[in-house]
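Now for the letters of each chain:
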Amino acid sequence: MILNGNNITKQYTRRGEKFNAVNNADFFAWSGDFTVIFGESGSGKSTLLNTLAGVTEPTSGSIEIDGQPIFALKDEERALLRNERIGYIPQNTATLPAFTVAENITLSSSLYNKKVDKAHIGALLNKLGISHLANEYPQNLSGGELRRVSIARALANKPDLIIADEPTSNLDEENSHKVYRLFARLARTGVSVIIATHDKNAFGYSNRVYHMKSGALIPDVGEYGNL
Ligand SMILES: Nc1ncnc2c1ncn2[C@@H]1O[C@H](COP(=O)(O)OP(=O)(O)O)[C@@H](O)[C@H]1O
Ligand SMILES: [Mg+2]
């Protein structure tokens, strides 16, 4: 899988003033890459990830997956692409309160009439340290546990692209490393992993680093260099 973004700009208007939340960003990721986008709050990370995941159409620029411009697809085709190939973990993910953890995780497979790979999901829960919560309801879970449920849900369909927006934001060190280790292991099997974060621990797992500043995406050529 190759994800290629060219000249991505997303413009918003605030108090009558236009501004570019993402400004002419070029982004590239390959199968097996573990990419970290680092940047302070408000720098445009979530907006960029939303465009890469096919959720928000950029004002200009293109995003291609394996040469296919994703915003040239019809909405339902793009939804299918997302469901089959992209595991997206937005910054604020909601679980459905009337369903158990296990049901929340398998829901989208059930909706698309896909077979649920129980062994795979069992292994995911185990690696994320939430196996014991499978039959609980979301209201009985902590923020960090819910975060890991949303990660498991995004990985249930074995995506070949994982896009995670501050996946460890409410996790302690130990659980953050669990998440990074899981992502790193998936990257070694050829999955492309992209995360936005403030957490410097993520650098140790990544092979491709970008910094985001006021909408500009800058490849890291320094300490954590890309080459
Ligand atoms: N839907 C929107 N409408 C207007 N402004 C937005 C919208 N979404 C985000 N922004 C603004 O765009 C900038 C980048 O936001 P965001 O991508 O969420 O940054 P980050 O994820 O790095 O914190 C911020 O100034 C934010 O307030
Ligand atoms: Mg954000």
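See the structure printed just above.
None of the values given here were measured: they were computed from a predicted structure.

Conventions adopted
Residues numbered from 1 in each chain as written. Chains lettered and ligands numbered in written order. Predicted model: local features only at pLDDT ≥ 70, side-chain atom pairs only at ≥ 80, totals over all residues. Heavy atoms only, no water. Donors = N, O, S within 2.8 Å, 3.2 Å for Na, K, Ca; no water. Helix = DSSP H or I, 4+ residues; strand = E, 2+ residues; numbered from the N terminus. Patch = residues over 30% accessible without salt bridge, like charges linked within 9 Å, V, L, I, M, F, W, Y side chains within 5 Å. Areas by Shrake-Rupley, 256 points an atom, 1.4 Å probe, with all protein chains shown as cover. Salt bridge = Lys/Arg side-chain N within 4 Å of Asp/Glu carboxyl O. Lys, Arg positive; Asp, Glu negative; His and termini not counted. Charge placed at Lys NZ, Arg CZ, Asp CG, Glu CD. Buried < 20%, exposed > 50% of the residue type's maximum accessible area, 1.4 Å probe, protein only. Pairing = 2+ DSSP bridges. Right-handed = clockwise from strand over helix to strand, strands pointing away. Phe/Tyr/Trp six-rings, centres within 6.5 Å; stacked < 30°, edge-to-face > 60°. Core = buried A, V, L, I, M, F, W, Y, C linked by side-chain atoms within 4.5 Å. Contact = heavy atoms within 4.5 Å.

### Remarks on the coordination of the magnesium ion (ligand 2)
Moving on, step 1. Only Ser46 (OG) and Gln91 (OE1) from the protein reach the magnesium ion (ligand 2) as donors, at distances of 2.0 to 2.3 Å. Within this pair, whereas Ser46 is found in helix α1 (residues 45-52), its partner Gln91 is found in the loop between β6 (86-89) and α3 (101-111), the two being separated by 45 residues in sequence.

### Quick notes on a positive patch on the surface
Moving on, step 1. Where like charges cluster on the molecular surface, the positive patch consists of Lys127, Arg181, Arg185 and Arg188.
Moving on, step 2. Examining the composition of the positive patch, we find that three residues originate from one element, helix α6 (residues 173-188), more than from any other.
Moving on, step 3. Within the element layout of this structure, Lys127 appears in helix α4 (residues 118-127).
Moving on, step 4. Looking at Lys127, the relative accessible area reads 36%, which means it is partly exposed.

### Some words on the pairing of strand β7 (residues 161-165)
Moving on, step 1. A large share of β7 lies buried, amounting to five of its five residues.
Moving on, step 2. Alternating positions in β7 separate into two faces, Leu161, Ile163 and Asp165 on one and Ile162 and Ala164 on the other, with burial throughout.
Moving on, step 3. In the sheet, β7 pairs with strand β8 (residues 192-197) via five bridges, with the strands oriented parallel. In the sheet register, Asp165 faces β8, and the bridge partner there is Ala196.
Moving on, step 4. Crossover handedness for the path β7 to α6 to β8: right-handed.

### Looking at the packing of aromatic side chains
Moving on, step 1. Summed over all chains, the structure comprises six aromatic pairs.
Moving on, step 2. Aromatic side chains Tyr12 and Phe19 sit 6.3 Å apart centroid to centroid with 50 degrees between the ring planes, which places their arrangement in the tilted category.
Moving on, step 3. On the accessibility criterion, Tyr12 (35% relative accessible area) is partly exposed.
Moving on, step 4. We classify Phe19 as partly exposed; its relative accessible area is 34%.
Moving on, step 5. Aromatic pair Phe38 and Phe203: ring centres 5.1 Å apart, planes at 50 degrees, arrangement tilted. Here Phe203 lies in the loop between β8 and β9 (208-213) and Phe38 lies in strand β3 (residues 34-39), a separation of 165 residues in the sequence.
Moving on, step 6. Its relative accessible area of 15% is what places Phe38 among the buried residues.
Moving on, step 7. Phe203 gets classed as buried once you look at its relative accessible area, which sits at 6%.

### Brief notes about the nonpolar core
Moving on, step 1. Residues Phe34, Ile105, Phe183, Val193 and Ile195 are the most contacted members of the largest nonpolar core, which totals 35 residues.
Moving on, step 2. Elements with a contribution of two residues or more to this core: β3, α3, α4, α5 (143-155), β7, α6 and β8.
Moving on, step 3. The dominant element in this core, judged by the number of residues it contributes, is α6, at six residues.
Moving on, step 4. Apart from the residues lying within four places of it in its own chain, the contact partners of Ile105 are Ile121, Leu125, Val149, Ala152, Arg153 and Ala156.
Moving on, step 5. Counting residues in each nonpolar core, the second largest holds 27 residues, with Val22, Ile65, Ile70 and Leu161 among its members.

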